[in-house]
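Per-entry structural report
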Amino acid sequence: MPDWLKNLLPIVLLLAAIAVVISRLPKIDLGHSEAFKRRRFLNWFPLGLTYALLYFGRYNLSANASLMEKIGLLTKQEYGDIDGVGSILYGVAFLLNGPLTDRWGGRATILIAAGGSALMNALLGVVTMRAQAGQMDHGTVVTAMTVLFAGNMYFQSFGAVSIVKVNAPWFHIRERGVLGGVFGILISLGLYFAYDWSRFIAKAMGMTAAFMVPAALLVGFFVLDAFIIRDTPGQAGFADFDTADASSGDTGEPVGLAEVARRMFSQKVIWIIIAIEFCSGFLRNAVMKWYLVFADKTGVKEGFVSANWGVLLCVAGILGGIFAGLISDHVFESRRGPVASVLYAGLLVGAAVTFAVLGSPITGWAVVFMSLCVIGVHGMLSGTASMDFGGKKNAGVATGIIDGFVYLGTGFQSLLYARILPSGEAAKDPANWKQWPIAMLPVAAVGLLFATRVWNAKPKAAAAPANAEKKAESKPEVAAA
């Protein structure tokens, strides 16, 4: 059996087992017809795969950071700076792209994301090819990669906003916890593509191909999405319905960006979620982007965890996302705060264990566990809470605000770690990497503290729906515990 199939098989089996478990859980019956459910699947599934492929075209740089250093393309600090600049631009871009998504619709903006990222990846491939052929000096290569990766991250910032914007009108608030779990699965598949497929492609076909292959796949899904995806059930021939989120009962004209932002920031819960997700962005990428560098520098790159990093991240993310989604909808009555609290407690424990066992084989498993927790949190807050508290009318702005701070946290950790982590001969000793988990500990503690403050938070409807049953569904106040 080929290696790629050996890696893919456990993921397929895990997804099959999860499908069986979900199918046997008590159903939350909201009266959807079977035809509606089939059409909804045809809507979100290609959309979700497009998002996974965007990850393929986003993390291919970090997946091959060590290889690029070895072949003389980028040093560790140059990679950290490029990643930091791109991540900060990604976060800031949400201030523009969130409102644009609300105005243009998620279908249009997922096409912009796929097409723009495909173009930037293709150009990164051209720069890599020319650099390896000696046709560009090193300074020009670094500048070009910085600009192109920043452009890639700008287009990528439409991705998460588009997913939330499209799915919000198709899913009632009582269904969105499991949807958040699915969001976690899609993130996980994207990480698998990036960290296993990308490294395999780079080794087998060259570094240029690690950019060109995701570019080609994104072009294919651009075409597929254009034919299949619709923004609302009404556009697909089904009746639109009250989703019982923050837009419930809001039948007025769309308001401007300033008013939407004022409404968002007037809610204490939004500020708390922003703070949590800043911490999530720091922790998620502190683990995912730097463990492979740690493993390579300290000589444990052939260990089981580092050798199978992509598939383990995928499995961990799937389990974390589904665990988070199921307990949110079936245990905590579609509240997201308790789930974030449980998973942040896991992140704090994982960071402490990583510090205690740094350099031992347990290190890899500790950071895999942290990945499980942080992907679960991200799916619940960026993928689900943004729908709940923004509502289907303002899902783009809400997601932009929340996910923007995720990547500001990512950018901060990239710039920080590029400067505090060891380099040269010092990097070969695991004892010199203690600042890696030390920096995670206070961030995890702060995230946990904030997560407990939204334990009872639920969205408040913009206006009371006429139907009493719908009123009961959408009445809960936004309140911090």
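Before reading on, note that the structure itself is shown above.
Report follows, based on the coordinates. (Residues numbered from 1 in each chain as written. Predicted model: local features only at pLDDT ≥ 70, side-chain atom pairs only at ≥ 80, totals over all residues. Heavy atoms only, no water.)

On a plain count of helices and strands, the chain comes out with 19 helices and zero strands. The proportion of buried residues among the 481 residues of the chain is 57%. Counting contacts in the chain only where the partners sit at least 6 residues apart, residues at least 24 apart contribute 85% of the total. With the model as given, the accessible surface of the chain reaches about 18000 Å², and the carbon-plus-sulfur share is 68%. (Helix = DSSP H or I, 4+ residues; strand = E, 2+ residues; numbered from the N terminus. Buried < 20%, exposed > 50% of the residue type's maximum accessible area, 1.4 Å probe, protein only. Contact = heavy atoms within 4.5 Å. Areas by Shrake-Rupley, 256 points an atom, 1.4 Å probe, with all protein chains shown as cover.)

Turning to the packing of aromatic side chains, a few remarks are in order. For the structure on display, the rule yields 26 aromatic pairs. With 6.0 Å between their ring centres and 80° between their planes, Phe56 and Trp197 make a pair best called edge-to-face. One end of the pair, Phe56, is in helix H2 (residues 34–56); the other, Trp197, is in helix H8 (residues 176–205), and 141 residues separate them in sequence. The class for Phe56 is buried, based on a relative accessible area of 0%. Between Trp433 and Trp436 the ring centres are 6.5 Å apart and the planes differ by 80°, which places this aromatic pair in the edge-to-face class. We classify Trp433 as buried; its relative accessible area is 0%. Note on Trp436: relative accessible area 0%, which makes it buried. By way of ring pairs, the aromatic residues Tyr79, Phe278, Phe282, Trp290, Phe412 and Tyr417 are connected into one cluster. The lysine or arginine in question, Arg40, covers the ring of Phe171, its NZ or CZ lying 4.1 Å from the ring centre. (Phe/Tyr/Trp six-rings, centres within 6.5 Å; stacked < 30°, edge-to-face > 60°. Lys NZ or Arg CZ within 6 Å of the ring centre and 35° of its normal.)

Moving on: the packing of H2 against helix H6 (residues 106–132). Following both chains from N to C, one finds H2 and H6 inclined at 30°, their axes separated by 11 Å at the closest point. Here H2 and H6 pass one another in a crossing that is left-handed. Here Leu47, Thr50 and Leu54 of H2 lie close against H6, whose contacting residues are Ile110, Ala113, Ala114 and Ser117. Its residues assigned to classes, the contact of H2 with H6 shows five nonpolar, two polar and no charged. (Axes fitted to C-alpha atoms, helices over the stretch in contact; angles between N-to-C directions. Left-handed = near helix turned anticlockwise from the far one by under 90°. Nonpolar A, V, L, I, M, F, W, Y, C, P; charged D, E, K, R; others polar.)

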